[in-house]
Structure formats: C-alpha cells, structure tokens
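# Notes for the structure review
Now for the letters of each chain:
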Amino acid sequence: MIMMMTIVHPLTRFVLTIVGIALCALLMLFLLSIYKGVSKGSVSYVRESGADLWVVQRHSTNILRSSSLIPLSIKPILQKVDGIKSVSPVIFILSSVITAKGPATIYLTGYDIKTGIGGPPAIVAGNRVANDNEIVLDHSFAAKYKINPGDNLIIKDDTLKVAGLSSGTNMFVVQYAFISLQKAFEIAGYPFLVSCFQLRLCPGTHPAGIIDVLQDKIDGISVFDQQTFLTNNTHEMESGILPLLYMVAFIGAVVLAALLSLILSMHVLEHRNEYAVMKALGAPKGFLPALIIKQAMVLSLCGMLTAAVFIFPLLVMVEKISPEVAGQSSFLHVILVLAGTGFICLVSSVVPIGKLRKIYPLDVFK
Amino acid sequence: MGIVAMHRISKIYERQGKGTAALNQISFEASTGELVLLLGPSGSGKTTFLTILAGFQKPSSGQVSLFGKNIMEYPSQELQYLRARHMGFIFQTFNLMEGLNVKENIMLVTRFAREGRNQASKRADYLLNKFEIDPLRSSYPNTLSQGEKQRVAVVRALVNDAELIIADEPTGSLSALQGDQIVAFLKECVDKERRTVIMVSHDERIKHFADRTFYLRDGSMELI
C-alpha cells in the first residue's frame, strides 16, 4: 500500500506513465520480433534447400550480400565426382519488375524446374513454376503489391504469369521470386554463368572429403557444407541488420530509463513531506530506497503487461500495412524484454533514491 | 538519569556570517511518567529543542542523553529503530499519509518497529477503539476533521508502546475543546501507563495538564 500510494495518484499521470513504459517495451518487443522474423525468413531458403554442399565463386561466402558467378560448364565435372548424387545450378539476379503499384525489386532465382531443387521452400497459394513463362512470388511481396496467382508480371521485356506464392522467402529488404533456369538465362543475358550449384550427396558420403576433392579439381570455386553456408548467411544477415536494431533498442532503453527516472524523481519531490515523515517516524535505512525500487518494478511490470497484450495485434497490423515486415514474437521475447525492463527500472531508481538523501526528517518540524 | 537529558545544550544558527543562538546553555531532564510542557512564543527555539532532543539535528555544543546513552553514540540505524520502537511523534500538522487509510497510517510505524503484524494489529484496534475513532479505520485523512486527524496521530504515536512521546504543538491546529481532549488523552497515558510526554506549545491554557512547565525565551529556559 505504501508503495502504491505515491505512484497511483494522480491516476491520469499513472496511466500516462504506464503507456509511456508500454510504448518503450513495445518498441523493444517489436524490434526483437522483426529481428526474429527477418533472421528466420532471410536464411530459410538456404536452410530448407536440402543441399549437402554449396559451390560458389571463390571468396564468395553467402548468397545474401555477395555476388557469385561460376561457369555452367563445370556441371559435368561436378557430376563425375564420386559421391555426388545430383548437381543443381541456381542463378540469382536482382531485378526490377513492373507491378500495378509501380516498379519493385525482386531477387530472381532461376532453378531447374524439372528437379525442383533450388526452388521455393514452400508454396502457400497456387502452384510451382511449370514452364519458362511462369513465376512464383514471395507471398508478402504479392500481398504488398496486391498480386494474385494468375496475374501477369512484367520483367524487362517478358511478361510472366504468376503461378503461385511461396513462404520462407522474405529477406525483409527484398523478396525471392522463382523462375525457370532457362528464363533466368534469358533475363540475365549470359547463358553460360550461374550463381551457385546445390549438390546432394550419395548416402554415407562425407561432405568434407568431397569439398577437398572439388577445390583441388576446379579452380575459382569455394565449396561449403550446408551448416557452414547457413552460418555464413546468418552472420551476413545479422551483421547487416543487428547494429541498426541494437541502436534503436538502445535508444528505446535510454528513453525508458529517462522517463522512469523523471517520473519517480517527480513522485519523490511531490511526496517529500511524506518521505520526511517516514524518516522521522523511524523508517529503517533501506525501507525508502526499497520503496522506490518497488515502485519502479510495479510501473515496469504494468507497462510490460500492457506491451505484451498489444505486441501480437501490433505485429498482425504491421504485417497488414507492410507485408514484408514480418515479425515473429514469442513468450521468450516477452520474458527477455521483461528482464531488460526490470534492469532498466533498477538503473532508473538511482536518481530518485539519490533525491531521498536530500530529504531530512527535520523538514517535518518546519 | 532520566529517560532523556540535555546538558548545557547550545544551538547557534549561522545566517549571513552572523550567529544567532536558538538555545543557550540549556540543561533539562525528563523522567519516566511525567508530562513536561515547554511554552514559549514563536521563534523562541521550542522546535529546535525538540529536534535536538530526538536527534534530528546536532547541538552546537553540549550533550544529549536518550534512554541512558549519549545520543552521538547511537549508530544511525539504531537511532532510527529507537524512534520507531521507543519514541512516538505528534506533529502540529498531523503529517498523516494521504494515500493510506487510518488503520494503515497507524500500522506504518509498527512496520518500522518490526513488530509482529497480528499483535500490532490488535493493539491498533484497541487504541482505535479507545480513542473513539474505530468507525474511521478505513477512512482516508482528507475525509477526517482536524480533531479526528490529531487523534489518529496520537494513536500512531502510541501504537508501539513508545516510552517517550514527543509532541510538537499538538493543539496548534485544533479548537480549544479538541486541544484539551488531546492533551487529556496524553496525560492519561502518562498517569496510567507511565509514559513520558515532552510537549512544546505556545498555548498556555494547557499548562494545568503538565507535571512541569518550562518557559523558553531567547534561547534560555526557566521552570515556571
């Protein structure tokens, strides 16, 4: 009761404080959700490719932020290596498309539509690419530009029919789109170069042995096993987006700490006579600082609970407004932000606790 | 030695490089079971006297003894416990917590004194009943009359069975009748429960309740 008496009155300010804390917590939760959504979406193409080995141009380490061009002519050499079951060329082209809402950019992925290897990890609407005049779009890209299966899409001089929509193909800043390898060669204008080969190995074949063989046999390539390539791509994505998210989250945390510190300091100053009375009546040494910390905790808990209630509807709303911003929140995120908010509250209690020291029991007698 | 003793206490306030003596070489002692009244006009040093006696400020010179021990020898935590457990305070402006109801205001000091909750609650109920404010136990201070507020403040001062009650102008915000009732309550505590009350006031009307009355003028004290 003592803890609540100074923070709940006046009620309007209490509510506004909770809203402020909730917004800061919501910002942090939102950033975590975006991070998780982006990190999952960006590398799910690689993760779910089913490839055992990835062959790319030498010094290229990933497909997100590194260009790789290798000759298609090495395909027969790869196929002849013992232990390799299949060799699937894939070409990536960053390309402009014309939509009804204007030009947009997609990460065109040309793959062998007969084997399906290198194609979309999952289809959520329509069908896979069946011929050279069809394209599969990422579902968030399609939602953003209001494109449906059956619609036509103009890429350079070609008009392609949207065969279906895929999931797990949203890289946040750009989305995958899938076409046949033949069509990709036409669009790119160089039919003798691909971006990578996805290799599948015969059962029981050790990837490390194949990597050594391939790098000895073919100049100008790098070969990665699936796990290393996934790690490379994840690292690339994180190094691109994490500093930005960390900075915004840090600013949110500082704002929260400043807000709480200000509110709690104001409460202390407004109720200084009551604190002085408690000191005069014999409040033990740690009682009043503990009171401030409890107040900070109550405020942060109320703010966090409010944020936890609103984060999931917010993510749904954001995805409707901007489909490519696909966040994924979880109970763990809520716990993490709660712990972070609790820590910030402890930090923000320092200033108001300092103000307590300047309140003297003697003031009660004046 | 009495429950509280002051020996040759002086208090000089420095203002603009000039020293003003609020108390000048005062010696005083109060024993268990007496009501001591300190009268004096505004600015005579009455409140300074009380705050030095309770250890809220240090004298410029002299020595204060509280419960048989030099007040300077008490560690600050022990002094706080002493105030919560063995001393009760009554203020002119009551100083009740606006956000707490009557019972919570009273129970607050029992928390400071680390008393058992059940026992403290029983004692609070007894005093609420005795001071005829039991029906107000759930009321908040802003709904109480001045007289009711001061009765709550008195109960708060008594709830821990404090041996020493320090009252700073306890009748100052009350009507003559209400003031008399409060001082009569305190006198009853002194006579029946052997408590010590040290009260400062400028209200000479109440001196007939006191066992001893002192008059403070220009920093000097005399028994009247």
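Look a little higher up for the structure.
The following refers to the structure shown. (Residues numbered from 1 in each chain as written. Chains lettered and ligands numbered in written order. Predicted model: local features only at pLDDT ≥ 70, side-chain atom pairs only at ≥ 80, totals over all residues. Heavy atoms only, no water.)

A few words on the overall build of chain B. Scanning chain B from N- to C-terminus turns up six helices and ten strands. Relative to its length of 224 residues, chain B is compact, with a C-alpha radius of gyration of 17 Å against a globular reference of 17 Å. Out of the 224 residues belonging to chain B, those deemed buried represent 56%. The long-range share in chain B, meaning contacts at least 24 apart out of those at least 6 apart in sequence, stands at 72%. Of the roughly 9,800 Å² of accessible surface on chain B, 45% is carried by carbon and sulfur atoms. (Helix = DSSP H or I, 4+ residues; strand = E, 2+ residues; numbered from the N terminus. Rg over C-alpha atoms; globule rule 2.2 N^0.38 Å. Buried < 20%, exposed > 50% of the residue type's maximum accessible area, 1.4 Å probe, protein only. Contact = heavy atoms within 4.5 Å. Areas by Shrake-Rupley, 256 points an atom, 1.4 Å probe, with all protein chains shown as cover.)

What follows deals with helix H5 (residues 146-158) of chain B. Taking 1.5 Å of rise per residue, 13 residues should cover 18 Å, and H5(B) covers 19 Å from first to last C-alpha, within 8% of that figure. Among all positions of H5(B), only Gly147(B), Lys149(B), Gln150(B), Arg151(B), Val152(B), Ala153(B), Val154(B), Val155(B), Arg156(B), Ala157(B) and Leu158(B) are buried. As for H5(B), its buried residues are in contact with helix H8 (272-280) of chain A together with strand E6 (87-90), helix H3 (102-112), helix H4 (117-130), strand E7 (164-168) and helix H6 (176-193) of chain B. (Expected span 1.5 Å × (residues − 1).)

Turning to the pattern of salt bridges, a few remarks are in order. Close approach of charged atoms allows side chains with opposite charge to pair. All names here are of chain B. A complete count under the given rule lists 22 salt bridges over all chains for this structure. Note that Lys 192 is salt-bridged to Glu 188, the shortest N-O span being 3.5 Å. With a gap of four residues between them, Lys 192 and Glu 188 both fall in helix H6, about one helical turn apart. (Salt bridge = Lys/Arg side-chain N within 4 Å of Asp/Glu carboxyl O.)

It is worth spelling out the pairing of strand E4 (residues 61-66) of chain B at this point. All names here are of chain B. Judged from the five bridges that link them, strand E1 (residues 4-15) and E4 form a sheet pairing that is antiparallel. Looking at the pairing, His 7 lines up with Gln 63 of E4. Between E4 and the antiparallel strand that follows it, strand E5 (residues 69-70), lie two residues; Phe 67 among them carries a positive phi value of about 50°. (Pairing = 2+ DSSP bridges.)

Take unusual backbone geometry next. Outside of glycine, negative phi angles account for most residues, and trans bonds account for most peptide bonds. Residue and element names in this part refer to chain B. The phi angle at Gln 25 is positive, at roughly 55°, despite the residue not being glycine. Relative to the helices and strands, Gln 25 resides in strand E2 (residues 18-30). A positive phi angle, near 55°, is found at Arg 194, a position not held by glycine. One can find Arg 194 in the loop between H6 and strand E8 (196-201).

Residues and elements named next belong to chain A. At their nearest, the axes of helix H2 (residues 11-47) and helix H7 (residues 226-270) sit 9 Å apart, and the two run at 180° to each other. Classified by the interaxial angle, the pair formed by H2 and H7 is roughly antiparallel. Residues belonging to the contact of H2 with H7 are distributed by class as follows: 23 nonpolar, nine polar and four charged. (Axes fitted to C-alpha atoms, helices over the stretch in contact; angles between N-to-C directions. Parallel < 35°, antiparallel > 145°, perpendicular 65-115°, else oblique. Nonpolar A, V, L, I, M, F, W, Y, C, P; charged D, E, K, R; others polar.)

Below, the discussion takes up the packing of aromatic side chains. Enumeration according to the criterion identifies 18 aromatic pairs over all chains in this entry. On the numbers, 6.0 Å between centres and 80° between planes, the contact of Tyr45(A) with Phe92(A) is edge-to-face. Note that Tyr45(A) is positioned in helix H2 and Phe92(A) in strand E3 (residues 84-99), a separation of 47 residues in sequence. Ring plane angle 50° and centroid distance 4.4 Å describe the contact between Phe131(B) and Phe185(B), whose orientation is recorded as tilted. Note that Phe131(B) is positioned in the loop between H4 and H5 and Phe185(B) in helix H6, a separation of 54 residues in sequence. By the burial criterion, Phe131(B) is buried, and Phe185(B) matches it. Members of the aromatic cluster, connected to one another through ring pairs, are Tyr45(A), Phe92(A), Tyr107(A), Tyr111(A), Tyr176(A) and Phe178(A). (Phe/Tyr/Trp six-rings, centres within 6.5 Å; stacked < 30°, edge-to-face > 60°.)

Nonpolar side chains tend toward joint burial in soluble globular proteins. Core analysis: the largest hydrophobic core is formed by 159 residues, its most contacted members being Met278(A), Phe28(B), Phe49(B) and Ile198(B). If one sorts the elements of this core by residue count, H2(A) sits on top with 16 residues. In this structure, Phe49(B) is in contact with Met6(B), Leu23(B), Ile26(B), Phe28(B), Leu38(B), Ile198(B) and Met221(B), ignoring residues within four places of it in sequence. Grouped together as the second largest cluster of nonpolar side chains are 42 residues, Ile70(A), Val87(A), Leu153(A) and Leu199(A) included. (Core = buried A, V, L, I, M, F, W, Y, C linked by side-chain atoms within 4.5 Å.)

So, on to the sheet that holds E4(B). Think of a sheet as strands paired side by side through backbone hydrogen bonds, with each pair either parallel or antiparallel. All names here are of chain B. Read across the open sheet, the four strands follow the order E2-E1-E4-E5; overall the sheet is antiparallel. In the strand order of this sheet, the two ends are held by E2 and E5, each with one partner. Across two bridges, E4 lies against E5 in antiparallel orientation. Opposite Ser 65, over in E5, you have Asn 70 as the bridge partner.

A few words now on the interface of chain A and chain B. Taken together, the contact pairs 19 residues of chain A with 25 residues of chain B. Where chain A meets chain B, there are zero salt bridges. In this structure, the connection of chain A to chain B is made through four residue pairs in polar contact (both at pLDDT 80 or more). Mapped onto the side of chain A that touches chain B, the elements with two or more residues apiece are helix H1 (2-8) and H8 of chain A. The residue makeup of the side of chain A that touches chain B, split by class, is 14 nonpolar, two polar and three charged. (Polar contact = N/O pair within 3.5 Å; in protein donor to acceptor, adjacent residues only side chain to side chain.)

Further remarks concern helix H2 (residues 76-86) of chain B. The α-helix winds at 3.6 residues per turn, so residues separated by three or four positions along the chain end up facing the same way. Those residues of H2(B) not exposed but buried are Leu79(B), Gln80(B), Leu82(B), Arg83(B) and Ala84(B). Elements in contact with the buried residues of H2(B): H8 of chain A together with E4, E6 and H3 of chain B.

This paragraph deals with empty space enclosed by the protein. As enumerated under the stated definition, the model contains one cavity of 30 Å³ or more in all. If you add up the space inside the largest cavity, you get close to 40 Å³. If you go around the largest cavity, the residues you meet are Leu281(A), Arg83(B), Ala84(B), Met87(B), Gly88(B), Phe89(B), Val109(B), Arg156(B), Ala157(B) and Asn160(B). Of all elements in the fold, only H2, E6 and H5 of chain B reach the threshold of two or more residues within the lining of the largest cavity. When residues of the lining of the largest cavity are assigned to their parent elements, the largest contribution, three residues, is made by E6(B). Looking at the lining of the largest cavity residue by residue, the class counts come to six nonpolar, two polar and two charged. (1 Å grid on protein atoms, 1.4 Å probe; cavity = no way out; pocket = protein on both sides within 12 Å on 5 of 7 lines; lining within 4 Å. Points joined across faces, edges and corners; volume = space filled by probe spheres on them.)

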